[in-house]
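Architecture and fold: a report
Each chain is listed here by its residues.
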Amino acid sequence: MFLTIYWSGGIKKPHRTYLFILKAKNFSWRYRWFSLNMIVVLSGTPIHIIITSDCGNFIQTEYDLPAPLFIRYNGELMAYNLILLMNPNDLSAGIEKGRILYQLGRFDEAIQAFDAVIRIDRKNADAWYEKALVYSYMSCYEEVIQACDRSLQVNPEKAEAWFLRGLYLSVLDRCDEAILAYDNVLQIKPDSAGAWHNKGLIYERMGHYDKAITAYDSALRIHPDDKLVQENREKALNALKKK
């Protein structure tokens, strides 16, 4: 019982991340070179995947498919797909697959990857948060907030979800709600200079220059050399003087 993968098309060495992932998943494996081809033999169920053409970036899989399927992958994405073929319930692999997809700009596929995780575990705060990130890249701001809310329902202490929620509430000009979101970040991570800075930006937009300066001062106590915060504080101070 083993999985055989054939590499061809000019591959000179295996993708390091790919092999690392396989080792991290405790697969038994071995490989050897055949000219420019490499064969990897893994323990697991019988699956045959032939990677051909375009320097190995195309995969043909015969796993429970009526006809060959060709999909473009990079090395890491291929590795996580292999893991999920052998164990579709591997939630961490599903999340990593989604992350790689949105880093490649394949946002719809990334959403599908996170939805697959959520179908197995609807209380997976990380999957909801990562889904919110994808929506942010797609400029779907209401969906960002909704996905953050689902993440926070599961884990109210997830500071990065509060931060992302605050950011896009601000984009939607829902300033009071954004301030509350950043307050939640600071309850969890009092040393979040970014939350203090963003609070300052919102207060400045609202015309509350004194509160903006106080927020910028808090950010500078954490990162005193931050030039951007220094510049924004100076702007708020000048606006306060003219008020």
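Each remark here, short or long, concerns the structure printed above.
Residues numbered from 1 in each chain as written. Predicted model: local features only at pLDDT ≥ 70, side-chain atom pairs only at ≥ 80, totals over all residues. Heavy atoms only, no water.

Digging into the overall build of the protein
Summing up its helical and strand segments, the protein has 11 helices and 6 strands in all. Residue pairs at least 24 apart in sequence account for 50% of intrachain contacts in the protein once pairs closer than 6 positions are excluded. (Helix = DSSP H or I, 4+ residues; strand = E, 2+ residues; numbered from the N terminus. Contact = heavy atoms within 4.5 Å.)

Overview of the pattern of salt bridges
A side chain of one charge can pair with a side chain of the opposite charge if their charged atoms are brought near each other. Counted by the stated rule, this structure contains 12 salt bridges. For Glu96, the salt bridge goes to Arg99, with nearest N and O atoms at 2.4 Å. Highlighted residues: Glu96 and Arg99, both in helix H3 (residues 91-103), separated by 3 residues, approximately one helical turn. Residue Arg99 is classed as partly exposed on the basis of its relative accessible area, which comes to 24%. Bridged by salt links that share partners, the residues Glu96, Arg99 and Glu130 form one connected network. (Salt bridge = Lys/Arg side-chain N within 4 Å of Asp/Glu carboxyl O. Buried < 20%, exposed > 50% of the residue type's maximum accessible area, 1.4 Å probe, protein only.)

Some words on the packing of helix H6 (residues 141-154) against helix H7 (residues 159-171)
Angle between the axes and distance between the axes: these two values describe a pair of packed helices. Two elements in contact, H6 and H7, have axes separated by 9 Å at closest approach and are oriented at 155°. Considering the angle they form, H6 stands roughly antiparallel to H7. The two elements H6 and H7 meet at a crossing, and its hand is left-handed. Residues Tyr141, Val144, Ile145, Cys148, Asp149, Ser151 and Leu152 of H6 form the contact with H7, whose participating residues are Ala161, Trp162, Leu164, Arg165, Tyr168, Leu169 and Val171. (Axes fitted to C-alpha atoms, helices over the stretch in contact; angles between N-to-C directions. Parallel < 35°, antiparallel > 145°, perpendicular 65-115°, else oblique. Left-handed = near helix turned anticlockwise from the far one by under 90°.)

With respect to the packing of aromatic side chains
Across all of its chains, the model carries 5 aromatic pairs by this definition. Relative to Phe114, the ring of Tyr102 has its centre 6.3 Å away and its plane inclined at 45°; by these criteria the two rings are tilted. A residue pair is termed long-range when its members are at least 10 positions apart, and Tyr102 in helix H3 and Phe114 in helix H4 (residues 107-120) qualify at 12 residues. Judged on exposure class, the residue Tyr102 and its partner Phe114 are both buried. With centroids separated by 5.3 Å and ring planes inclined at 75°, the aromatic side chains of Phe163 and Tyr182 adopt a geometry described as edge-to-face. (Phe/Tyr/Trp six-rings, centres within 6.5 Å; stacked < 30°, edge-to-face > 60°.)

Details of the nonpolar core
With 50 residues, the main nonpolar core has Val144 and Leu164 as its most contacted residues. Once residues within four sequence positions are removed from consideration, Val144 is found in contact with Ala132, Tyr135, Ser136, Leu164 and Tyr168. (Core = buried A, V, L, I, M, F, W, Y, C linked by side-chain atoms within 4.5 Å.)

Overview of the side chain of Asn232
For Asn232, the location among the structural elements is in helix H11 (residues 227-242). If sequence neighbours within four positions are ignored, Asn232 has contacts with His197, Leu201, Glu204 and Tyr216.

What to know about the environment of Cys148
Mapped onto the elements of the fold, Cys148 is located in helix H6. Exposure remark for Cys148: the relative accessible area of 0% places this residue in the buried category. Taking the C-alpha atoms as reference points, Cys148 and Glu160, 12 residues apart in sequence, are found 9.2 Å from one another. Look past the residues within four positions of Cys148 in its chain and what remains in contact with it is Ala132, Ala161, Leu164 and Arg165.

A look at unusual backbone geometry
Despite not being glycine, Ser139 shows a phi value in the positive range, around 60°. As for its placement among the helices and strands, Ser139 is situated in the loop between helix H5 (125-137) and H6. A relative accessible area of 44% places Ser139 in the partly exposed class. With phi around 65°, Asp173 is a residue other than glycine that occupies positive phi space. With a relative accessible area of 51%, Asp173 lands in the exposed category.

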